[in-house]
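Notes for the structure review
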Amino acid sequence: LQPPEIESYLLETVILDRFCAPLCRHLHRIESHGRSGKPEIGADQFIQWLVDSNLFVIGLDGEGYWFRYHHLFQEFLKGILHKQRTADRVADLHRTAGNWFAENNFIEEAVHHLMTAGETTAATQLIVYHRWELLNASRFVRLSRWLTFLPENKVAEEPLLASTQAFIAIETGDDAKVYAYTEHAARMLAALSTKSEAYPILKSEVLVLQGLIDIIIGDAKSGLVHA
């Protein structure tokens, strides 16, 4: 039997595949909102308690910053969490964690937690916003993995993800997909309002893609026009 605040920390952090003191602090502050008085136990104290108690916690670095629970202990805690918290409260925890990861530029984990919370639009826009960081660094495999986190219909409906998939297909050498995704992006461009924030971005990306296709098929003159 643990103090109530320790139990709260355990149930708040069990949704995480890894955690650190700032993240624990953020989740605990949000989850404890409305309770009277200042938290009796800080996040650093909680983590130190975990380490001192040897309570199925595993350090992930040499600095003692990131930790995770042993998977069996985590599954045990998740069972308690779903008995003691409503689905909405669990979703709130994932949403809060997702926002923290996004603010700290851990995009993959942010997308995972936002999707678990049912925040599909927020997760999609996060990928759209950060996609060029990965494209410019040639991290196409990771970007492809991000896209798999989203429902297929959501990917198909987002104009800037159509062009993103075409750029990924260029890197992987799948010409058929390059043509298909470029055509899909062009159709979505035609349906967009010229006043849309995405319009000038998508237009430039479609022109680049069409120019690259021209190069692939040997039409340098048309490629120059598109460029």
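As shown above, the structure is provided for reference.
All residue numbers here refer to positions counted from 1 along the written sequence of the relevant chain. Reporting in this predicted model follows two pLDDT cut-offs: at least 70 for local features of residues, and 80 or more for side-chain atom pairs to be given and counted; totals over whole chains, interfaces and linings ignore these cut-offs and use all residues. As a rule here, side-chain values come from all non-hydrogen atoms in the structure, and water together with hydrogens is ignored.

1. Thoughts on the overall build of the protein
Helix and strand counts for the protein stand at 13 helices and 2 strands. With C-alpha atoms as the basis for the radius of gyration, the globule rule is written as 2.2 Å multiplied by the number of residues raised to the power 0.38. Against the globule reference of 17 Å for 227 residues, the protein gives a C-alpha radius of gyration of 23 Å, more extended than a compact globule. Each principal axis of the C-alpha distribution contributes one length, and for the protein these read about 75 × 35 × 25 Å. Buried, partly exposed and exposed residues are distinguished by accessible area as a fraction of the type maximum, computed with a 1.4 Å probe on protein chains only: under 20%, between the cut-offs, and over 50%, respectively. Residue burial in the protein is summarised as follows: out of 227 residues, 42% are buried. By the convention used here, residues are in contact when the closest approach between their heavy atoms is within 4.5 Å. For the protein, contacts bridging at least 24 residues in sequence account for 55% of all contacts bridging at least 6. Put simply, DSSP H or I for four residues or longer makes a helix, DSSP E for two residues or longer makes a strand, and each gets a number counted from the N terminus.

2. Some remarks on the pattern of salt bridges
Salt bridge criterion: a side-chain nitrogen from Lys or Arg within 4 Å of a carboxyl oxygen from Asp or Glu. Under the counting rule described, the total for this entry stands at 9 salt bridges. Salt-bridge contacts for Arg95 lead to Asp92; the nearest nitrogen and oxygen are separated by 2.5 Å. Placement of both Arg95 and Asp92 in helix α5 (residues 87-103) is noted, with a separation of 3 residues, approximately one turn of the helix. For Arg95, a relative accessible area of 24% corresponds to the partly exposed category. Owing to a relative accessible area of 26%, Asp92 belongs among the partly exposed residues under this scheme. In this structure, the salt-bridge partner of Glu205 is Arg131, at a minimum N-O distance of 2.6 Å. Taken together, the residues span a long stretch of sequence, with Glu205 in helix α12 (residues 199-217) and Arg131 in helix α7 (residues 120-136) at a distance of 74 residues. Counted as one network, the salt bridges with shared partners bring together Arg89, Asp92, Arg95 and Glu119.

3. Looking at the environment of Leu192
Relative to the assigned elements, Leu192 resides in the loop between α11 (175-191) and α12. Of the residues examined, Leu192 reaches a relative accessible area of 22% and is grouped as partly exposed. Taking the C-alpha atoms as reference points, Leu192 and Pro159, 33 residues apart in sequence, are found 8.8 Å from one another.

Honestly, that's just the spatial picture; any functional story needs more than this.
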